[in-house]
Amino acid sequence: MTMQSPLLRLAGTLRALPPSCGPVRLVGVDGHAGSGKSTFAARLSQALGGAPVLRLDDIATHEELFGWMERLGEQVIEPLSRGETAHYLPYDWVARRFGAARALEPAPVVLVEGVGAGRRELRPRLALLLWMEHPAEESWDRGRRRDGPEQSDFWAGWVDAEREHFAADPSRPFADLLVRQCYRGYQMLTGPGAAAETNRTVTLRDSPSAVR
């Protein structure tokens, strides 16, 4: 018998959690910009059979790098909490304007990926919070290389804004799982939030585990 992969076991754990936002289990994937959140969320979505992924880059704007919670609540959280399809306006970072509405179905598991996914105002709606365990400076350097020199001015302002955000509203202390990117796959460790919680238990057998 083939042993189930750790990533599939995580998917099973998420499906078994109580709903946290109406019928939906919202799962936050947070971490520093450039820490690999998007790639991990895409792989986790695949393990979940194509779970929807909401990218917070589509909710934030140049003027509201972290001041987007009201928009997220109105366009996404409130409809999902009623079991309704959400419709949000994705922001175009090149054109600097919002685009046509996109639908987000109230699936059993919906991944919320981006810096600030574990923020104070959003945590009560999360079934689980994952933190990408990658050093800030290394993450930012990777992000700069990814975006190229034409985005250097944006990154200068972003780093300051991210530092300010996490200083005032840290996510890592509340993470249920820490996700480390390895040479091949990922390693998942119990996070400080899981240790502090008394009403929620996250169990992944054979933890820490490599996810391939």
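Some details on the overall build of the protein
Per the secondary structure count, the protein includes six helices and eleven strands. The buried share of the protein, taken over its 212 residues, is 50%.

Digging into unusual backbone geometry
If you check the backbone angles, Arg96 has positive phi at about 60 degrees while not being a glycine. Within the secondary structure layout, Arg96 lies in the loop between strand S4 (91–92) and strand S5 (97–98). Residue Arg96 is classed as exposed on the basis of its relative accessible area, which comes to 52%.

Things to note about the pairing of strand S8 (residues 126–132)
In terms of burial, S8 is largely enclosed, as seven of its seven residues are buried. Across five bridges, strand S1 (residues 25–30) lies against S8 in parallel orientation. Residue pairing in the sheet places Leu26 in a bridge with Leu126 of S8. Taken together, the three bridges between S8 and strand S9 (residues 177–181) define a ladder with parallel strand orientation. Within S9, the position partnered with Trp131 by the bridge is Leu178.

A closer look at helix H2 (residues 37–47)
Residue pairs spaced three or four apart in an α-helix point in one direction, given the helix's 3.6 residues per turn. Among the residues of H2, Lys37, Phe40, Ala41, Leu44, Ser45 and Ala47 are the ones counted as buried. Each buried residue of H2 sits inside an arc of 155 degrees when the element is viewed along its axis, so together they form one side. Looking at the residues trailing H2, positive phi occurs at Gly49, about 80 degrees.

Scoring rules and cut-offs
Residues numbered from 1 in each chain as written. Predicted model: local features only at pLDDT ≥ 70, side-chain atom pairs only at ≥ 80, totals over all residues. Heavy atoms only, no water. Helix = DSSP H or I, 4+ residues; strand = E, 2+ residues; numbered from the N terminus. Buried < 20%, exposed > 50% of the residue type's maximum accessible area, 1.4 Å probe, protein only. Pairing = 2+ DSSP bridges. Arc of directions from axis to C-beta.

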